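Architecture and fold: a report
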Amino acid sequence: MSSPDELQITPGMQAYIDKNNAYLAQRGNYIKNTVKKWKFDTIAVHGLYNVEDAIEDYQGAIIEPVFMSSSQAYRDSDEMECALAYQIPTWCYSRIANPSTYYLEWTLALLEGYGFDGQTSACSTSSGMAAIAAATQPFLVHTQEHVHEKRNFLATAQCYGGTFQLFSIRYMEERGIECRWIEDPSDPDEWASKIDKNTRFLYGELPSNPGQGFFDIKAVADVAHSHDLPLICDSTVATPALLRPICHGVDIVVQSATKSLTTSGFGVAGAIISRGDITTNIPNEAMKQDFCLYTKYLPNRDTGPNLHPMQAILTLNDMRTIRSKMDMLSRNTMTVAEWLQDQSMVESVEYLGLPNHPLHDLASKYMWLVDAEDDPLYRKPVNRYGHLMSFCVKGGRENTRVVFDALQRIWRATDLGRIKSVATIPAISTHQQQGEEGRKLAHIPPNLVRLCVGAEHPDDVIADLDQALNKITASSKVSMAGAKS
Ligand SMILES: Cc1ncc(COP(=O)(O)O)c(C=O)c1O
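Bear in mind that the values here come from a model prediction, so they are computed numbers and not experimental data. Within each chain, residues carry numbers counting from 1 in the order of the written sequence. Owing to the predicted nature of the model, reporting of local features is limited to residues with pLDDT of at least 70; listing and counting of side-chain atom pairs is limited to 80 or more, with chain, interface and lining totals taken over all residues. Hydrogen atoms and water are omitted, and side-chain values are computed over all heavy atoms in the structure.

1. So, the site of the ligand
- One heavy atom within 4 Å of a molecule or strand is enough for the residue carrying it to be called near that molecule or strand. With respect to spatial proximity, 15 residues lie near the ligand, and among them Gly128, Asn209, Asp234, Thr258 and Lys259 are the closest.
- Between Thr258 and the ligand, the recorded distance is 2.5 Å, taken from a side-chain N or O atom to an oxygen atom.
- Look at the ligand: alone it shows 390 Å² of surface, and the protein chains cover 91% of it.
- Labels follow the DSSP assignment, with helices taken as runs of H or I lasting at least four residues and strands as runs of E lasting at least two, numbered in each case from the N terminus. Of the residues forming the shell around the ligand, the biggest block, three residues, is contributed by helix α6 (residues 128–136).
- Polar here means any residue other than Ala, Val, Leu, Ile, Met, Phe, Trp, Tyr, Cys and Pro, which are nonpolar, and Asp, Glu, Lys and Arg, which are charged; Gly is therefore polar. When its residues are assigned to classes, the shell around the ligand shows six nonpolar, six polar and three charged. The definition of a polar contact used here is a pair of N or O atoms within 3.5 Å, where within protein one atom must be able to donate a hydrogen and the other to accept one, and adjacent residues in sequence count solely through side-chain atom pairs. The Shrake-Rupley method, run with a 1.4 Å probe, gives the accessible areas here. Residue values count only the displayed protein chains as cover.

Set out below in structure tokens:
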């Protein structure tokens, strides 16, 4: 961060800055020469927390400590002034930074940047929605030259209901910032045709919740960059174990860490992860150079969507086994999706892993289980598609409710990414508020059930679905057979 104009660096302050610069150089070397050489699993388990940190600063604790303290004390006024001017990487106040969130952020930055040559950084937030707001708002400022310009941005219409509401109500209705919905994100020409001189960013969710939308990341990133714009992606459903969008040209990744990153379901958390030197037409050098650090130190300092330290460590702890979990959960989901396809009362199944899904080939280009080549189980690249899928029940909303209400092992909840199987009907829950029109735009019919398959044995998940599908009465089966013939 650049220093404020009025900052007078005294010799005492300089001593602190020199000491901390030496520490930053040492940390940079450790990342470059050690951590960046580790496999994904090792980074997920250790991140930046090592024996030296533990012994020197944290009484040897082998697990990253939870720092509940609201603020940090300083040795003297020189150290305090340096810290508050962001000249030294101390944490000062937990709304801005905290040692527990620090370790989570570094692990996330390293995992999303796995296989990427450049720098990545992360900023944790109190929820996935806070992350989406933090990732998009800095691009929606009025620039000095164009105070009255009609700002706009592009976003995939197939997205989480909360995102749809943020973009269509908070930004469009309340602030007059136009959201241009992309209806077929797999067509790069649609993206290109909707950009003009007032466009600020391109936003895409992939795979989308619940509709399994997907697009060619590299092609859309090229479109964005050729107009000096950033591409922001919500990669919650994939997690870095299956997809690392920054490696394909994305500028900023959004994660609802509430979901598959923390399968336990112990709370709500979010994060943004950015590459160094993002592409943007906003004239703000600090934001361009390190978007996450900028967001953390300035906009988020002023709006306060920080993550609680306890939640940071719970999230970090869940993430240590993310690769093997996403592998198992994806395999379970594939088994369930294949079974559902053959059921007479199921109209359609949406899962990117199914070879007959129209976006299967495109998704297969990007969604790989990280390090499968080095896994003794596989020893070759392996596609994996995550554990979110959906299916439509024959017989409309009534039959859908019959099946849904009959589920015994699968939990009815507006949740996903859990170690336990969870289902919802998006039209009456996650995507209820966007109304019929909004749901049509996002391809969400009333008979669609979203299912996130957990770590139970897939046979037991199938048995539960089987008994629930069988609850559709014989009479409705007969009447539908009649309607068909
Ligand atoms: C794809 C996606 N992004 C973002 C969010 C919002 O995350 P959170 O609930 O942590 O605010 C969700 C929530 O379901 C989601 O599914």
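2. Considering the pattern of salt bridges
- Salt bridges are defined as contacts in which a side-chain nitrogen from Lys or Arg sits within 4 Å of a carboxyl oxygen from Asp or Glu. In total, this model carries 18 salt bridges according to the counting rule given.
- Among the salt bridges present, the one from Glu436 reaches Arg439, with a minimum N-O distance of 3.6 Å. Taken together, the residues Glu436 and Arg439, both in helix α17 (residues 435–441) and three residues apart, mark about one turn of the helix.
- Exposed residues in this analysis have more than 50% of their type's maximum accessible area, buried residues have under 20%, and partly exposed residues fall in between, with area computed by a 1.4 Å probe over protein chains only. The partly exposed category is assigned to Glu436, whose relative accessible area is 45%.

3. Observations concerning the packing of α6 against helix α7 (residues 161–175)
- Their axes nearest at 10 Å, the elements α6 and α7 cross at an angle of 45°. Considered as vectors, α6 and α7 are oriented oblique to each other. Handedness of the crossing formed by α6 with α7: right-handed. Judged by residue contacts, Met129, Ile132, Ala133 and Thr136 of α6 engage Gly162, Thr163, Leu166, Phe167 and Tyr171 from α7. Every axis corresponds to a line fitted to the C-alpha atoms, with the helix fit spanning only the stretch in contact, and the corresponding angles, defined between N-to-C directions, vary from 0 to 180 degrees. Oblique is the label for any angle not covered by the other classes, which are roughly parallel (under 35 degrees), roughly antiparallel (over 145) and roughly perpendicular (65 to 115). By convention the crossing between two helices is left-handed if the near helix lies anticlockwise of the far one by an angle smaller than a right angle, and right-handed if it lies clockwise. By definition in these notes, contact holds between two residues if any of their heavy atoms fall within 4.5 Å.

4. Some details on empty space enclosed by the protein
- Cavities and pockets were defined on a 1 Å grid built from protein atoms only: a cavity is a group of points that admits a 1.4 Å probe but offers it no way out, a pocket is an open group of points flanked by protein on both sides within 12 Å along at least five of seven lines, and a lining residue is one with an atom within 4 Å of any such point. Grid points are joined across faces, edges and corners, and a volume is the space filled by probe spheres set on the points. One pass over the structure, following the stated rule, counts one cavity of 30 Å³ or more.
- In this structure, the largest cavity encloses a volume near 100 Å³.
- In terms of lining, the largest cavity is formed by 14 residues, of which the most central are Arg95, Ile96, Ser124, Lys296 and Asn306.
- Going through the elements one at a time, α5 (99–112) and β1 (120–125) are the ones with two or more residues in the lining of the largest cavity.
- Taken together, the residues that form the lining of the largest cavity break down as five nonpolar, six polar and three charged.

5. A short note on the nonpolar core
- Buried residues of nine kinds, namely Ala, Val, Leu, Ile, Met, Phe, Trp, Tyr and Cys, make up a nonpolar core once their side-chain atoms join them within 4.5 Å. Judged by nonpolar contacts, the single largest core of 95 residues is most densely connected at Leu340, Met389, Phe391, Leu451 and Leu465.
- Here the bounds of each domain stem from an automatic or database domain assignment. Residue contributions to this core reach at least three from each of two domains, namely domain 1 (95–319) and domain 2 (322–484).
- Once residues within four sequence positions are removed from consideration, Leu340 is found in contact with Val346, Val349, Met389, Phe391, Leu451, Leu465 and Leu469.
- The next biggest cluster of nonpolar side chains, apart from the first, holds 31 residues, and it includes Ile132, Ala133, Phe153 and Tyr203.

Read these as geometric descriptors, not functional statements.
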